[in-house]
Each structure stands twice: as structure tokens, then as C-alpha cells.
Amino acid sequence: MNLRKRLAAAIRPVLARYGEEAVGYADLVRPAQQPRFGDYQINCAMAVGKLIGRPPREVAEEIVRGADFGELVEEVSVAGPGFINIRLSDKWLADYLTTAVADERVGVERVEEAKRFVIDFSSPNVAKPMHVGHLRSTIIGDALARMLRFMGHVVITDNHLGDWGTQFGMIIYGYKHFLDEENWQRDPVAELARLYQVVYNRAKPAEIADELERLAKQAQADPDVLARKRDRVVELAAEAGLDDWQSLREAPVDRLREVLGVLRERAEQARAIAEAARQETARLHAGDPENRALWETFMPHCIEELNRIYRRLDVHFDYMLGESFYQPMLESVVNELLERGIATESEGAVCVFFGEDEPPCIIRKSDGAYTYATTDLATIKYRVENFDPDHILYVVDYRQSLHFKQVFEIARRWGYTKPEYVHVAFGTVLGPDRRPFRTREGGTIGLELLIQEAVNRARRIVDENSPHLSEDERQQIAEAVGIGALKYADLSQNRTSDYVFSWEKMLAMQGNTGTYLQYAYARIRSIFRKGEVRLEDLLSGGARVLLSHASERDLALKIIRFPEAIEQAVREYMPHYLTTYLYELAETFSTFYNHCDVLRAESEQLRSSRLLLCELTARVLSTGLQLLGIRPVERM
Ligand code: ARG
């Protein structure tokens, strides 16, 4: 049972006496800040008092008299300007938890009205270095899918692969010019990654071509320019990948002039390569059979590469409808938007305009190419028509906020007003230097190494703690703990902020980490093993929860808040509400365990009561971890 909701429901009929608007304040029920005042606090009297022009204290007293809290409340009092303090009944708490032991959902009810969600997450650009941002989307998206499903919603997960972008032009160009046949036969994915890198590196100096040209002109007019701009020349040489760029710091000006010439040549070649790659992309998009065939050859390898990572992360998708899937629909999307006057032609392109100070959204470029936005609009139409969602969530980097704001607005103008569109944005993963975190090797391969590193580090911890377990078992635990730590580090942050990646913090046995929670769970399980206790025996023996000690009551109160934590995480699409809760639960348990003997409790009744509290805690921890996509382990 969600107590916050239950208490809100109890005051709603009283608030109804003050009118519709007052009822809206019923949800102002919070866990009490100060335990000495009670367990929950209802804070609506101030707002309602203001609304109807009466002293809040009077309103609070009326609410207290009028509400039927049933037997779950022991004591209600009004404090200060009109806070209503609620103290739950110990008897009710104990009875409730006794029955909760038999409930595999530990008191979490399903929503009354299931909604349909499409969750668009992970969505990497295939055949291109996948960065930790995509890992973040994968982890957060998966946790949201699990929580929403658990609450009883219908969830459709869709991986909107970037499988139609300019990276394919680069790879096709690379395949045609630089293919290492042997490597391709042996390890196609590695060869594709290599080809991408080769073409990327060769095309990159195109970016500095203009600057080099300007510099050359200036140097002609004024021979001292190169000496003055030496630092910049050195930088440009480094950027263009010149081997001996370091030596230029000291080199004579004549050498700088020479280098400038070399750089300009490279930049020109780079331009030609970039242009050639662009043309390969254009040919692919225009349906050229050779390029299409190459794309079809590459794709299964790219997908298998991704699937290997998803399997290891235990992440699954109902659909993987990538950008390529929507290509046949783009023309009609643009035409429809033009016909309805939502889009207009402007300087040869087709755009949708917003306010004065917002850039327009281009849905067809002047060269006829469709854009990322056009694809997303086709995707919305497809999803609405095929999945009929109430909500569409996009778990994507916050840097794409403007894109989504515009796409959502266009979709609404287009008439797709039923779904609520949500950009579930997240911040950047930073390295220890506080710059965007990069895996040294880059790419999916880098991501795999990252996962492997987490598992290796976890293995060291497991080896140290549990040398008595078999090799095989230790490896399995390490896999769960390492990947769990990686996921938890991400999920425990408020997703909207950037966070600093740190192996040490992530795998710490103390503090708010996945490792600590997994350990807390395994420790409770070990109590049962050590005492040779079987839950069935406890239950058939008539065990009941008793609250004899303050720390038992604290633990009981924490346990009953599990539904509230999930509800909040789901309502705001913020998994960290659940992690914070689980961490607090583990801490509360730890206090309880320090104060109360379990296996050697004073009496048989107390022993079984405490074992039930242990069982409930373990159950909440394991359910909670699984909702985050983390596999709990029985020993560690
Ligand atoms: N592939 C895109 C990227 O890597 C993310 C796609 C997100 N989903 C979407 N429907 N736009 O930036």
C-alpha cells in the first residue's frame, strides 16, 4: 500500500467541502522531517486556508475532525500554523508487515489505470564509436522500462538506431579504398571500426582548410606572421596529425612556412575525401544498388556487436526500428506538413518556424536531404498509429533539448496531440579531469572494455571477501557486482546533472553504491543460512512482526515506504529516488542489526519477528535492485 496516497485519499472528502481546487492540495502529504512529530505530515491546510480565506489552523483542525484515517493512524495533531502530524499505529504497522511477507510485491500495488508508454532509449549510431552517453541512455531507459512495467503499465521499448547517417558514407568510402581483406574476413566489426577511423582521420584536416588558407595569405603579405602565430601553427600541425609537430615549437620560420604548405596539401586532400564520403552517403540515400548492398552487408555485423553488449547488460528491446526504417515515409511527411501550412519553403529548404528568437527547424534541406528532425517526425506518426501511446519518453542527452522541443511542437501542430512527449534528458559523464569521459579506445569496443574493467575490479573484491567460493561462482558474482556498480553509479545521480566517473567510488563497499546494496542483501541472506532458517517454517509457525525496539519501528517505517519511492521515481522519470530509498533502507537495516540480536534474540517470538523484518528488507532490496536492472547475489 502506498501510504502517502492512502492518507491523501483520507483527507480528500473533507477538502471537497472547500471546493474542487482545494482537493488538488490533498497530495501535500510528506514523510515527517522530524520523527518526534510523527511519521507523516500533511501540509495542505496553509494552501487551502489561503484559498478560502480562513485561518489555516482552523482548516487543519477541521480536516483532522473530518477525515477517516481508519485504524492505521494512532495519533493526529495540529502544530504551528497548521501542519497536521500523523503517527501511525504500531499495531497496524506490525499487522500490515506480517501480511506483506506473503506478498511477492512487498506491498506495491499496480496502478488502477494502465497507460501505454513508448520508451526510446539507447539509440546509438551504429558503426561509429558509441560513447558513454549511449551507455547512460541504455541504463536509465532500461530502469524506467522495468519500473513502469512493474507498476502495471504497458511499455514498448524501441531502440531508435542511428543506422542511416553519414558514418555509412565514410565506411563505404573506406571499404572501397582501404579495405584490409584479411581483417574483414576475420573480424568484420573491427575492420569496420578501423575503416571508419581511417576515413575520419583523413577527412578531419578539412576542418582547418579555411584557416590555413587565410594564414598563407597573411604570411605572403607579412613574413613575420608565422613567427607571431607559431603556437597556432603548432596546434594546427598537431590537429592535422603531423608526426613531428612537437619540433615546430623551436623550428625556424622557414620550416614553419614549409609546414604550412604541407598542411594545406593535406587539408585539400582531406576536403576531397570528405566530399567523396558525402557522395557515398548521398548515393546510399538515393538507392544506389552497390552502396545499398554494402549497407546491408555491414548492418548485421553492427547489430550483433550491439546485441552482445545488450545481452551482457541484460537490456532488451521490443523493437529496434532505426532511422533507416523511416526513410520511405519522409517524403510524405514533408508534403503533408507543407500542405497543412505547418511547414513552408524558405531559400530552397523546407522549414517550420517558431517564435522570433528561435531558429527554424529544417525538415528538408535545399539539396533535398531529409534531416534528423524529419525522421523523428515520421517516427512519431508511426508510433502513434501503431502503438497508440499515452506517453513517449526519449531518454537522450540534454544537449538535444532544442531538437526535441521543436519536434514535439511540430507533432502537436500536426495533430498528434494524444501522447505526452517527454524528453528524459540527462547530463554528461565526466572523467576524473572533469572533461567529458572517454574510454581510451573509443567505440563499442571501448565500451566493452569498460564493462570488463568493472567486472575485473569486482572480481578482486569477491576474491578477497569470499575465497572459499568456487572459481565459477566468484566469476558470476563479479559479473553481477561489476555491472551492477556501473549501472548504479549512473542511476544514483540525479539524471539531469553531469557526474564524475570514478572506479573507486563506484565499487566502494560503503556509501551509496550498488556494491554496498548488493552486500547488504547478501548479508541478510547469510543470516538465514547461518541460522538454518526457512521462511516456510517461520510462516507456518505463526511468526508475526512485533515492534519492541525503536530501531525495529524505524525499519518497519522504511519498509512500508517502498511503494512511495517507486511511485516518485516513475512519476518524475528519476531512478535516483529509488536508489536513495534503497540506500536509506540498507542504512536503517544496519542500525537495526547493530541494536537488535536476530538469531540470538531474547525470545522465540522476537527472533521470528526479527527474521521477518530481515526477510522483508531483503525482499525490498532485491526487488528494488532488479527494477534498476541490477542482479542481486545471494553471497558475495
Ligand atoms: N542516435 C542519436 C544520437 O546518438 C540519438 C537518437 C535519440 N532518439 C531519437 N528518437 N532522436 O545522438
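A few points on the structure. By convention here, each chain's residues receive numbers from 1 onward along its written sequence. Totals for whole chains, interfaces and linings use every residue, but because this is a predicted model, local features are given only for residues with pLDDT of at least 70 and side-chain atom pairs only at 80 or more, for both listing and counting. Side-chain descriptors were evaluated using all non-hydrogen atoms of the structure, hydrogens and water having been removed beforehand.

### Focus on the overall build of the chain
Helical segments are the DSSP runs of H or I of at least four residues, strand segments are the runs of E of at least two, and each set is numbered from the N terminus. On a plain count of helices and strands, the chain comes out with 27 helices and 13 strands. By residue count, 53% of the 636 residues in the chain fall in the buried class. The contact definition used throughout considers only heavy atoms, calling two residues in contact when any of these lie within 4.5 Å. Relative to all contacts within the chain whose residues are 6 or more apart in sequence, the contacts with residues 24 or more apart total 72%. Surface exposure of the chain reaches about 29400 Å², of which carbon and sulfur atoms provide 48%. Treating the 81 positive side-chain charges of the chain as one cloud and the 97 negative ones as another, the clouds have centres 3 Å apart. Per-residue accessibility, obtained with a 1.4 Å probe over protein chains only, is compared with the maximum for each type, and a residue is labelled buried under 20%, exposed over 50%, and partly exposed between these values. In short, Shrake-Rupley with a 1.4 Å probe defines the accessible areas, and a residue's cover is counted only from the protein chains shown. Charged residues are defined narrowly, with Lys and Arg counted positive, Asp and Glu counted negative, and His plus the chain ends left uncounted. The atom standing in for a charge is NZ when the residue is Lys, CZ when it is Arg, CG when it is Asp and CD when it is Glu.

### Concerning the sheet that holds strand β3 (residues 73–79)
By the convention used here, strands pair only if DSSP detects at least 2 bridges between them. Pairing within the open sheet is antiparallel, and its 4 strands lie in the order β1-β2-β4-β3. Every other strand in the sheet has two partners, leaving β1 (29–31) and β3 as the edge strands with one partner each. Geometrically, the sheet is characterised by an average inter-axis angle of 25° between neighbouring strands, direction not taken into account. Of the pairings in the sheet, the one linking strand β2 (residues 40–42) to strand β4 (residues 83–88) comprises 3 bridges and is antiparallel in character. The residue bridging tyrosine 40 from the neighbouring strand is isoleucine 86, located in β4. Here an angle of 0 to 180 degrees is reported between the N-to-C directions of two axes, which are lines fitted to C-alpha atoms, with helices fitted over the stretch in contact.

### Observations concerning the site of the ligand
Around the ligand, the structure places Asp120, Ser123, Asn125, His134, His160, Tyr372, Asp376, Tyr394, Val396, Gln400 and Phe404. Here an oxygen atom of the ligand sits 2.7 Å away from a polar atom, N or O, in the side chain of histidine 134. Within the side chain of glutamine 400, an N or O atom sits 2.8 Å from an oxygen atom of the ligand. Taking 350 Å² as the accessible area of the ligand by itself, protein coverage stands at 90%. Elements supplying a minimum of two residues to the shell around the ligand: α17 (372–387) and β10 (391–397). Here the term charged refers only to Asp, Glu, Lys and Arg, the term nonpolar to Ala, Val, Leu, Ile, Met, Phe, Trp, Tyr, Cys and Pro, and the term polar to all other amino acids, Gly among them. Its residues placed into classes, the shell around the ligand shows 4 nonpolar, 5 polar and 2 charged. Throughout, the term near means that a residue has one or more heavy atoms lying within 4 Å of the molecule or strand in question. Polar contacts, as counted here, are pairs of nitrogen or oxygen atoms within 3.5 Å of one another; within protein the pair requires one atom able to donate a hydrogen and one able to accept it, and residues that are adjacent in sequence qualify only if both atoms are side-chain atoms.

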